[in-house]
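Architecture and fold: a report
What follows is each chain in one-letter form.
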Amino acid sequence: QAAARATPNASDWLAALEGLELYRGHYERLCRAVEQTADSVVITDRQARIEYVNPAFEATSGYTAQEVLGRKPSLLQSGQHDKQFFEALWARLLAGEPWRGTIVNRKKSGELYWSEQTISPIKDDAGRITHFVSVLKDITEQRKQRGQEFHLQLASEVQQHLYRGADSAAGCDMAGITYPADLTGGDYFDTIAHPDGRVTVAIGDVSGHGVGSALVMAATRAYIRAFTRSEADAGSLLRSLNGALTADLNQGRFVTLMLIQVDPRTRSIEYAGAGHLPSYL
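Before going into details, it helps to say that this report is about the structure given with it. For clarity, every value in this text was computed on a predicted model and none was experimentally measured. The residue numbering used here restarts from 1 in each chain and proceeds along that chain's sequence as written. Confidence filtering applies because this is a predicted model: local features only for residues at pLDDT of at least 70, side-chain atom pairs given and counted only at 80 or more, and all residues used for totals across whole chains, interfaces and linings. Note: side-chain values were computed over all heavy atoms of the structure, leaving out hydrogens and water.

One requirement defines pairing of two strands: DSSP has to find at least two bridges between them. Only DSSP runs of H or I reaching four residues or more are called helices, and only runs of E reaching two or more are called strands; each is numbered from the N terminus. Judged by pairing direction, the sheet is antiparallel, and its five strands sit side by side in the order S2-S1-S5-S4-S3 without closing on themselves. In the strand order of this sheet, the two ends are held by strand S2 (50-53) and strand S3 (99-106), each with one partner. Geometrically, the sheet is characterised by an average inter-axis angle of 25° between neighbouring strands, direction not taken into account. Pairing geometry for strand S1 (residues 40-45) and strand S5 (residues 129-138), over six bridges, is antiparallel. Among the inter-strand pairings, Thr44 is bridged to a residue of S5, identified as Phe132. In this analysis, two residues are considered to be in contact whenever any of their non-hydrogen atoms come within 4.5 Å of each other. Axes here mean lines fitted to C-alpha atoms, for a helix over just the part in contact, with angles spanning 0 to 180 degrees between N-to-C directions. Sheet strands touched by helix H5 (residues 83-94): S3, strand S4 (112-123) and S5. Its angle to S3, the strand with the most contacts, is close to 140°.

This is the structure:
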């Protein structure tokens, strides 16, 4: 009876085969997932020698599997991280804990790229670390985009500061506001108070949108504020401004302007246009 119990019957063998087939199915799906994922996957032994890389690693780093097998991931080091950085990384891994962070790596071509990286120890049944698996996500483009958004936001804050409150003049209420289609743009308005009580109102627009137009707008504002110190006549001021801007701007870029000089003492308005849409009185 003991021998009969120890000998598997047909149903036992069938169950074992079905379990093996199920395991093989899981294994094949796991292999396909690792091979086809868009993130780089690197598996090393305990000594950090590379045993496996997936196709995404080859596409991102520029190294083929044959070039890196048996070597260490340090071949990707960019020199952007100090010794203490890697000492802390390895201390955590050898303690059996996963490490997560952002690393600047270097491709085979020498180009630097940013990676969000997770490195996890792989342990055997006895709890001993036998391998390490690393998953790297290339986030270079995302960082560039965030950097551009930051600079656009900074430029927008600077530009909005230039749209300061209107200078006051006796007998006049003045206000202005602009809502650019993008974070920055070429819309322009300004009010400049003069010691004799006059106020110059400038309304304009720079061709195009974005940071380039905002830079031209800032230059236009600086020129106008400088020329108003020496040019009392709006037409003369526009001629001087035109000469300065023509020397600065590329072909195809232009600025339209309307200058209005308000004199509360004489209750008069003088204006000069430079291609801008007519004003409304």
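Looking now at the nonpolar core. Tyr188, Ile224, Leu238, Leu241, Val255, Leu257 and Leu259 are the most contacted members of the largest nonpolar core, which totals 17 residues. Residue assignment for this core shows that the elements contributing at least two residues are strand S6 (185-193), strand S7 (199-209), helix H7 (211-227), helix H8 (234-248) and strand S8 (255-263). Per element, the largest residue contribution to this core is five residues, and it comes from H8. Non-local contacts of Val255, meaning those with residues more than four positions away in its chain, are made with Asp205, Val206, Val216, Thr220, Leu245, Leu249 and Ala274. Residues grouped as a nonpolar core are buried Ala, Val, Leu, Ile, Met, Phe, Trp, Tyr and Cys residues, joined through side-chain atoms within 4.5 Å. Using a 1.4 Å probe on the protein chains alone, a residue whose accessible area is under 20% of its type maximum counts as buried, one over 50% counts as exposed, and one in between counts as partly exposed. By size, the runner-up hydrophobic cluster in this structure holds 11 residues, among which are Val42, Ile50, Tyr63 and Tyr113.

For the pair H7 and H8, the least separation of the axes is 10 Å and the interaxial angle reads 145°. As H7 runs across H8, the sense of the crossing is right-handed. Note on element contacts: H8 touches H7 through Leu237, Ser240, Leu241, Ala244, Leu245 and Asp248, opposite Thr220, Tyr223, Ile224 and Phe227. Along the lines of polarity and charge, the residues of the contact of H7 with H8 split into seven nonpolar, two polar and one charged. Should the near helix be turned anticlockwise from the far one by less than a right angle, the crossing is termed left-handed; should it be turned clockwise, right-handed. Throughout this entry, Asp, Glu, Lys and Arg are counted as charged residues, while Ala, Val, Leu, Ile, Met, Phe, Trp, Tyr, Cys and Pro are counted as nonpolar. The remaining residues, Gly among them, count as polar.

A few words on the packing of aromatic side chains. Given two aromatic rings, their pairing is described by the distance between the two centres and the angle made by the two planes. Centres within 6.5 Å are what make two rings of Phe, Tyr or Trp a pair, Trp counting through its six-membered ring; a difference in plane orientation under 30 degrees is then read as stacked, over 60 as edge-to-face, and the rest as tilted. Here the structure, examined in full by the defined rule, presents four aromatic pairs. Ring geometry for Tyr223 versus Phe227: centroids 5.9 Å apart, planes at 10°, classification stacked. Residue Tyr223 and its partner Phe227 are located together in helix H7, separated by four residues, close to a single helical turn. The exposure class of Tyr223 is partly exposed, given its relative accessible area of 25%. Site record: aromatic cluster; members linked through ring pairs are Phe85, Phe86 and Trp99.

This part is about H7. The terminal C-alpha atoms of H7, which comprises 17 residues, lie 24 Å apart, in line with the 24 Å expected from a rise of 1.5 Å per residue. Every buried residue of H7 is listed here: Ser213, Ala214, Val216, Met217, Thr220, Arg221 and Ile224. Buried residues in H7, looked at end-on, bunch into an arc of 160°, giving them a common side. How far a helix is expected to stretch is found by multiplying one less than its residue total by 1.5 Å. As used here, the arc is the angular range of directions from the helix axis to the C-beta atoms.

This next bit is on unusual backbone geometry. With a phi angle near 70°, Ala48 is a residue other than glycine that sits in the positive phi range. Mapping Ala48 onto the fold places it in the loop between S1 and S2. Residue Ala48 is classed as buried on the basis of its relative accessible area, which comes to 7%. At Arg267, a position not held by glycine, the phi torsion is positive, near 55°. By secondary structure assignment, the location of Arg267 is in the loop between S8 and strand S9 (268-274).

Okay, the environment of Gln77 next. Within the fold, Gln77 resides in the loop between helix H4 (65-68) and H5. Considered as a pair, Gln77 and Ile103 are 26 residues apart in the sequence and their alpha carbons are 8.9 Å apart.

A separate point is the environment of Asp196. Structurally, Asp196 is set in the loop between S6 and S7. A C-alpha to C-alpha distance of 9.3 Å links Asp196 and Arg265, two positions 69 residues apart in sequence. Of the polar contacts made by the side chain of Asp196, one reaches the side chain of Arg198; its length is 2.8 Å. Definition of a polar contact: a pair of N or O atoms within 3.5 Å, with one able to donate and the other able to accept a hydrogen when the atoms are protein atoms, and with sequence-neighbouring residues admitted only if both atoms are side-chain atoms.

With that settled, the discussion passes to H8. In this model, H8 (15 residues) spans 21 Å end to end at C-alpha, consistent with the 21 Å of a helix rising 1.5 Å per residue. Listed in full, the buried residues belonging to H8 are Ala234, Ser236, Leu237, Leu238, Leu241, Ala244 and Leu245. In this fold, the buried residues of H8 make contact with H7, S8 and S9. Of the residues flanking the start of H8, the one acting as N-cap is Asp233, its side-chain oxygen 3.1 Å from the backbone nitrogen of Gly235.

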